[in-house]
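Report on the structure
Here is what each chain is made of, one letter per residue.
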Amino acid sequence: MRAIHHWLDGKETAGTSGRTADVYNPATGEVQGKVDLSSKAEMDAAIAAAAKAQVAWGATNPQRRARVMMKMVDLLNRDMDKMAEVLSSEHGKTFPDAKGDIQRGLEVIEYAIGAPQLLKGEFIDGAGPGIDMYSMRQPLGVVAAITPFNFPAMIPLWKLGPALASGNAVILKPSERDPSVPNMIAALFKEAGLPDGVLQVVHGDKEAVDAILDSEVIQAVGFVGSTPIAQYIYERAAATGKRAQCFGGAKNHMIIMPDADLDQAADALVGAGYGAAGERCMAISVAVPVGKETADKLIEKLVPRVEKLKVGPYTAGDDVDYGPVVTAAAKKNIERLVQSGVDQGADLVVDGRNFSLQGYENGFFVGPSLFDNVTPDMEIYKTEIFGPVLSTVRAESYEEALKLAMDHEYGNGTAIFTRDGDTARDFASRCNIGMVGINVPIPVPLAYFTFGGWKKSGFGDLNQHGPDAFRFYTRTKTVTSRWPSGIKEGAAFNFKAMD
């Protein structure tokens with residue numbers, strides 16, 4: 001039985017609260033470890049140590065901070081397979097998917113190498129007689145990241161790269177469901193040259209989260225998770241004067257126009273809908289074919305593809321399309337939602353319930369489910385299922401399809417498959433959704449653009465990674481400078497004194 005401790009002041013440190021949580025192997029259903037859960041006192045001590053360490057780190061020039069990021073890229077590449085193995089064993093996702101999780105986080109660390117350029121301010125000489133003006137970006141101090149179970153490497157790296165490169169110290173509170181990889185990331189940052197205490201990994205539950213939110217030292221909080229928790233953290237952070245960047249749930253629609261390549265669309269839906277067992281905030285969970293003929297042909301192409309999906313443990317390698325969901329509770333909720341779709345009148349074309357895998361009968365596996373004739377009043381349409389379930393909502397026209405995506409309370413991602421440029425441009429321009437794919441089913445931007453949803457998928461005005469991340473983790477200070485030589489003496493009483 002493994003013991004997973006906190007990472008404090010540059011080393012693994014056992015908790016003192018006496019509380020722990022089970023860490024499962026989702027493929028077998030067995031408890032493989034215990035992770036410490038911090039108390040408020042432990043969190044407060046970690047924050048105080050981070051504040052002390054941040055002073056020197058914040059004074060370190062951006063070039064030297066960028067060199068830590070450069071070394072970190074090498075170390076992540078070196079240890080990727082080892083990290084992916086641990087990630088898969090705790091999360092359940094396939095080994096290739098786990099490597100992708102790490103790779104997409106690594107790309108943000110690569111972007112953070114550009115900190116010296118990204119942190120440059122502005123300057124103008126001669127703003128007035130003998131007057132210069134310039135701005136500078138300075139770190140906030142201590143910031144916090146509260147990250148989810150579904151991307152235990154990527155999301156922490158998305159937060160840590162820009163925050164640390166900007167000169168902040170970070171309190172990372174990862175998911176207690178798969179806590180080992182964040183500790184491995186912290187150890188690599190130490191090896192890369194990050195001073196002790198600048199990154200503290202504190203495991204915990206709501207008590208740890210509330211300690212972060214109530215701290216007067218922490219200046220900003222970044223969160224990814226469900227919408228109710230995102231809204232809770234956003235509101236409570238604002239009440240204590242913190243910056244907050246909180247990303248919640250999703251219900252991503254993919255519109256399939258009559259002129260689309262239906263084989264391409266069907267392949268895209270299967271990959272985007274069922275990859276990682278649907279445990280992605282950018283998963284496509286709603287297919288919207290336009291016109292009866294399009295819908296009928298699409299379902300005809302989807303059914304055999306869905307039925308052929310291979311579900312199994314990550315140890316099966318490339319022979320598996322997706323693995324188990326993260327917990328028994330998640331499995332139970334997914335199957336409950338599938339039953340609600342049946343009860344409310346949707347056509348369950350492929351039923352993934354009661355899936356069983358020989359030798360892994362106690363694992364948290366859920367077979368793929370495919371619904372047709374889903375309507376917007378159904379629970380399976382309204383709710384983020386976060387499982388391998390794809391709902392098909394038929395639309396008679398493009399306008400009806402567009403309205404479905406725009407009227408949903410979530411606005412994380414969306415996609416359209418079409419050969420018509422005018423339709424694609426209109427869709428991208430009009431839809432009120434943060435990330436749009438045109439013949440791309442999972443439109444996750446690369447590291448040098450920003451990632452973020454609209455409506456109830458995102459709370460806060462700055463997104464993750466890209467330039468927004470460096471804006472979020474810094475304050476802008478503007479300096480107006482005048483030196484006395486040759487300046488006429490005398491008091492000035494108005495704003496025109498510099499003219």
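Here is a short report on the structure shown in this document.

About the thresholds
- Residues numbered from 1 in each chain as written.
- Predicted model: local features only at pLDDT ≥ 70, side-chain atom pairs only at ≥ 80, totals over all residues.
- Heavy atoms only, no water.
- Helix = DSSP H or I, 4+ residues; strand = E, 2+ residues; numbered from the N terminus.
- Rg over C-alpha atoms; globule rule 2.2 N^0.38 Å.
- Contact = heavy atoms within 4.5 Å.
- Lys, Arg positive; Asp, Glu negative; His and termini not counted.
- Charge placed at Lys NZ, Arg CZ, Asp CG, Glu CD.
- Pairing = 2+ DSSP bridges.
- Axes fitted to C-alpha atoms, helices over the stretch in contact; angles between N-to-C directions.
- Salt bridge = Lys/Arg side-chain N within 4 Å of Asp/Glu carboxyl O.
- Buried < 20%, exposed > 50% of the residue type's maximum accessible area, 1.4 Å probe, protein only.
- Polar contact = N/O pair within 3.5 Å; in protein donor to acceptor, adjacent residues only side chain to side chain.
- Phe/Tyr/Trp six-rings, centres within 6.5 Å; stacked < 30°, edge-to-face > 60°.
- Lys NZ or Arg CZ within 6 Å of the ring centre and 35° of its normal.
- 1 Å grid on protein atoms, 1.4 Å probe; cavity = no way out; pocket = protein on both sides within 12 Å on 5 of 7 lines; lining within 4 Å.
- Points joined across faces, edges and corners; volume = space filled by probe spheres on them.
- Nonpolar A, V, L, I, M, F, W, Y, C, P; charged D, E, K, R; others polar.
- Domains from an automatic or database assignment.
- Core = buried A, V, L, I, M, F, W, Y, C linked by side-chain atoms within 4.5 Å.

Quick look at the overall build of the protein
Counting secondary structure elements, the protein contains 15 helices and 23 strands. Taken over C-alpha atoms, the radius of gyration comes to 25 Å for the protein, in line with the 23 Å a tight globule of 499 residues would show. Seen through its principal axes, the protein has C-alpha atoms that stretch 85 × 60 × 40 Å. At a minimum sequence separation of 6, the contacts of the protein that also span at least 24 residues come to 73%. Taking the average place of the 51 positive charges on the side chains of the protein and the average place of its 62 negative ones, the gap between the two points comes to 6 Å.

Details of the sheet that holds strand β4 (residues 19–25)
Across the sheet, which stays open at both edges, the 3 strands sit in the order β1-β5-β4 with mixed pairing between neighbours. For this open sheet the edge positions go to β1 (2–4) and β4, each flanked by a neighbour on one side alone. Within the sheet, the average angular offset between the axes of one strand and its neighbour, ignoring direction, is 30°.

Digging into the pattern of salt bridges
Under the counting rule described, the total for this entry stands at 32 salt bridges. Among the salt bridges present, the one from Arg-280 reaches Asp-97, with a minimum N-O distance of 3.4 Å. Highlighted residues: Arg-280 in the loop between α9 (262–274) and β14 (284–289) and Asp-97 in helix α3 (residues 95–112), separated in sequence by 183 residues. Residue Arg-280 is classed as buried on the basis of its relative accessible area, which comes to 17%. Asp-210 is paired through a salt bridge with Lys-206; the nearest N and O atoms lie 2.6 Å apart. In this pair, Asp-210 and Lys-206 both sit in helix α7 (residues 206–214), 4 residues apart, roughly one turn of the helix. Relative accessible area serves as the criterion here: at 13%, Asp-210 is assigned to the buried category. What you see here is one network of salt bridges that share partners, running through Arg-78, Asp-79, Lys-82 and Glu-191.

What to know about the side chain of Lys-242
Within the secondary structure, Lys-242 is located in the loop between α8 (227–239) and β12 (243–247). Within the local environment of Lys-242, its side chain forms a polar contact with the backbone oxygen of Leu-213, the two atoms lying 2.8 Å apart. Those residues within four positions of Lys-242 in sequence are excluded, and the remaining contacts are Ile-212, Leu-213, Asp-214, Ser-215, Ile-218, Gln-219, Ala-220, Val-221 and Ala-237.

Regarding the environment of Ala-127
Here Ala-127 lies in strand β6 (residues 123–128). Distance from Ala-127 to Asn-150, taken between C-alpha atoms, is 51 Å for residues 23 residues apart in sequence.

Here we look at the packing of aromatic side chains
Following the criterion strictly, the structure yields 10 aromatic pairs and no others. Relative to Phe-365, the ring of Tyr-360 has its centre 6.3 Å away and its plane inclined at 80°; by these criteria the two rings are edge-to-face. Its relative accessible area of 27% is what places Tyr-360 among the partly exposed residues. For Phe-365, a relative accessible area of 2% puts it in the buried group. Ring-pair connections join several aromatic residues into one group, and the members of that group are Phe-355, Tyr-360 and Phe-365. Across from the ring centre of Phe-151, 4.2 Å away, lies the NZ or CZ of Lys-93, which sits over that ring.

A look at the sheet that holds strand β15 (residues 347–350)
Taken in spatial order, the 7 strands line up as β15-β16-β17-β14-β13-β19-β20 in an open sheet, and their pairing is mixed. The open sheet terminates on both sides in strands that have one partner only, identified here as β15 and β20 (435–438). On average, each strand axis in the sheet is inclined to that of its neighbour by 20°, with strand direction left out of account. Contacts from helix α11 (residues 328–343) reach β15, β16 (369–372) and β17 (389–392), with the element oriented near 25° to β16. Contacts between helix α13 (residues 398–407) and the sheet are confined to β13 (252–256), β14 and β19 (413–417), with β13 contributing the most and set at about 170° to the helix.

What about the layout of surface pockets?
The gaps left among the atoms become clear once a water-sized probe is rolled over them. A volume near 1,000 Å³ is recorded for the largest pocket. Broken down by secondary-structure element, the contributors of at least two residues to the lining of the largest pocket are α7, β11 (218–224), α8 and α11. Looking at the lining of the largest pocket, the element that brings in the most residues is α11, giving 6 residues. Partitioned by chemical class, the residues of the lining of the largest pocket number 19 nonpolar, 12 polar and 9 charged. When we break the lining of the largest pocket down by domain, the ones giving at least three residues each are domain 1 (2–248 + 457–481) and domain 2 (252–438). By volume, the second largest pocket is sized at about 280 Å³. Taken together, 16 residues form the lining of the second largest pocket, with Arg-104, Phe-151, Met-154, Arg-280 and Val-444 sitting closest to its centre.

Side note on the packing of α7 against α8
Where α7 contacts α8, the axes come no closer than 9 Å and their chain directions differ by 35°. On α8, the residues that touch Lys-206, Val-209, Asp-210, Leu-213 and Asp-214 of α7 are Tyr-232, Ile-233, Arg-236 and Ala-237. Looking at the contact of α7 with α8 residue by residue, the class counts come to 5 nonpolar, no polar and 4 charged.

Thoughts on the nonpolar core
Among the nonpolar cores identified, the biggest contains 85 residues, and Leu-164, Ile-171, Ile-185, Phe-189 and Leu-199 are the most heavily contacted of them. A total of 10 residues in this core trace back to one element, the largest contributor, which is helix α2 (residues 62–91). What Ile-185 contacts, discounting residues up to four positions off in sequence, is Met-72, Met-83, Pro-152, Ala-153, Pro-156, Leu-157 and Leu-160. Formed by 62 residues, the second largest nonpolar core is a distinct cluster that contains Tyr-274, Val-326, Val-389 and Val-393.

Digging into unusual backbone geometry
We note that Phe-386 has phi near 55°; this positive angle belongs to a residue other than glycine. Judged by its relative accessible area of 22%, Phe-386 falls in the partly exposed class. In this structure, His-465 takes a positive phi of about 40° despite not being glycine. The topology assignment puts His-465 in the loop between β22 (458–459) and α15 (467–472).

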